Amino acid sequence: MNPVTYVLRLLRWFMNRPGALACVGCCLMIEVSFSAFVPMAFSHLIDKGITPRNSSVLVHTLVVLGIAILVTTSAGIAGELVYARLSSGVLARMRQQPFDHLQSLSPVFFQKYSAGELSARYSTDLSAVEQTLASWIAWGWKPSLDVIGYNVVMFTVDWRLALMAQLLWPMTLLGPRIFAPRATAAAAQRKKREADLLTAVDEATAGRNVVRAFGLEAVMSQRFAARLQLVATTAVRGALFTTALERSASIGIFTLQLAILGTGGWMAFNGAITVGGLVAFYTVFVSLSLSLYYLTQYSSVLINSAAGLVRIEEVLAEKTAVPDAPGAPD
């Protein structure tokens, strides 16, 4: 499952609270607007205030920035509080719905899945989804909206440098395109082997009397060690693809930052762009680079979480082998 598909599936769990979701979106838009406004304010401050030594422009710009900071901070706090309540409700439903659904399933289902594997749905799988939701605003939604706002500002300041900056997309997205599917497969395999590990613990606990009676302690220990080694191997393999996914983006970002700085400096030296315009553009470009970097870093969290959500929804998708007749008594 690619990150976009996973985000859309995760959003379905929020659809029962459209008002709260809209409130969070409005607060995010205020923060994104402020992020795009600050570089333009710096450009105006340098070109219209500092360079011509116009004190009134300097004071007015600083006052406006101060007011904008207060408004943005208030919106950010409000959005975080609303989202905290919203995400806690989603996690509660993710726990409650599979539990309620398990009560209606027939014995055939419990023969198909072991107790350890079902427990993993409530431990490792749900924990991964919870980690995604905890950082969704800061590492997912805000950087995504910032990317749009920063591109608008860049084309407003200088369209030539803005066109050059678009090289950032292939340079940062090529790595995820190559490594993301492999990282996703490794994450899914790790979830499966972690569930096998819990199954081994459950078997050893449930059958402890039999194990002791027949002296099978060493055998059980060896079997557990073998499964533990498989988990470790899968974890290393997943870490390798995740690291390649993250580092491939940073190399492209740093290279293009150097190219933008050199080209912009040459243009400012020849009068093709003002000093304030160059400062604003480079500030926005660095912020855009950081937003894309955050998204590539967050994609590894999404990949790990996606495997967990699929396994949770597998339980909800199960149908009872012997459904009740319509109107059947309890």
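Preceding block: the structure.
This one's a predicted model, so the numbers in the text were calculated from it and none came from an experiment.

### Some details on helix α5 (residues 115-134)
- Its 20 residues place the ends of α5 28 Å apart at the C-alpha level, agreeing with the 28 Å of an ideal helix rising 1.5 Å per residue.
- A bend of about 40° at R121 is the largest found in α5.
- For α5, the full list of buried residues reads G116, E117, L118, A120, R121, D125, L126, A128, V129, T132 and L133.

### Examining a nonpolar patch on the surface
- Where nonpolar side chains cluster on the molecular surface, the patch consists of I30, I50, L58, V59, L62, V63, I67 and V71 and spans about 660 Å² of accessible area.
- Among the secondary structure elements, those contributing two or more residues to the nonpolar patch are α2 (18-50) and α3 (55-104).
- The element that contributes the greatest number of residues to the nonpolar patch is α3, accounting for 6 residues.
- In this structure, L62 sits in helix α3.

### Comments concerning the side chain of N151
- Among the structural elements, N151 can be located in helix α6 (residues 136-157).
- Residue class for N151 comes out buried when judged on its relative accessible area of 11%.
- Those residues in contact with N151, other than ones at most four positions away along the chain, are Q166, W169 and L288.

### Here's the deal with the nonpolar core
- Counting 25 residues, the largest nonpolar core has L10, M94, V129, L133 and W136 as the members making the most contacts within it.
- Counting residues per element, the ones that place at least two in this core are α1 (3-11), α2, α3, α5, α6 and α11 (275-317).
- The element contributing the most residues to this core is α11, with 6 residues.
- Those residues within four positions of L133 in sequence are excluded, and the remaining contacts are L10, F14, Y83, S87, V90 and L91.
- Of all hydrophobic cores here, the second largest spans 19 residues; its members include V147, L256, I273 and F281.

### Considerations on the packing of aromatic side chains
- A complete count under the given rule lists 4 aromatic pairs for this structure.
- A ring pair is formed by F14 and W136, whose centres lie 5.5 Å apart and whose planes are at 50°; its orientation type is tilted. With F14 in the loop between α1 and α2 and W136 in helix α6, the pair connects residues that are 122 residues apart, well separated along the chain.
- Exposure remark for F14: the relative accessible area of 1% places this residue in the buried category.
- Ring geometry for W136 and W141: centres 5.6 Å apart, planes at 45°, overall tilted.
- By relative accessible area, which is 3% here, W136 ends up buried.
- Look at W141 and you get partly exposed, because its relative accessible area is 29%.
- Among the aromatic residues, ring-to-ring pairing joins F14, Y83, W136 and W141 into one connected group.

What counts, and where the lines are drawn
- Residues numbered from 1 in each chain as written.
- Predicted model: local features only at pLDDT ≥ 70, side-chain atom pairs only at ≥ 80, totals over all residues.
- Heavy atoms only, no water.
- Helix = DSSP H or I, 4+ residues; strand = E, 2+ residues; numbered from the N terminus.
- Expected span 1.5 Å × (residues − 1).
- Bend = angle between axes of the 7 residues up to and from the residue.
- Buried < 20%, exposed > 50% of the residue type's maximum accessible area, 1.4 Å probe, protein only.
- Patch = residues over 30% accessible without salt bridge, like charges linked within 9 Å, V, L, I, M, F, W, Y side chains within 5 Å.
- Areas by Shrake-Rupley, 256 points an atom, 1.4 Å probe, with all protein chains shown as cover.
- Salt bridge = Lys/Arg side-chain N within 4 Å of Asp/Glu carboxyl O.
- Contact = heavy atoms within 4.5 Å.
- Core = buried A, V, L, I, M, F, W, Y, C linked by side-chain atoms within 4.5 Å.
- Phe/Tyr/Trp six-rings, centres within 6.5 Å; stacked < 30°, edge-to-face > 60°.

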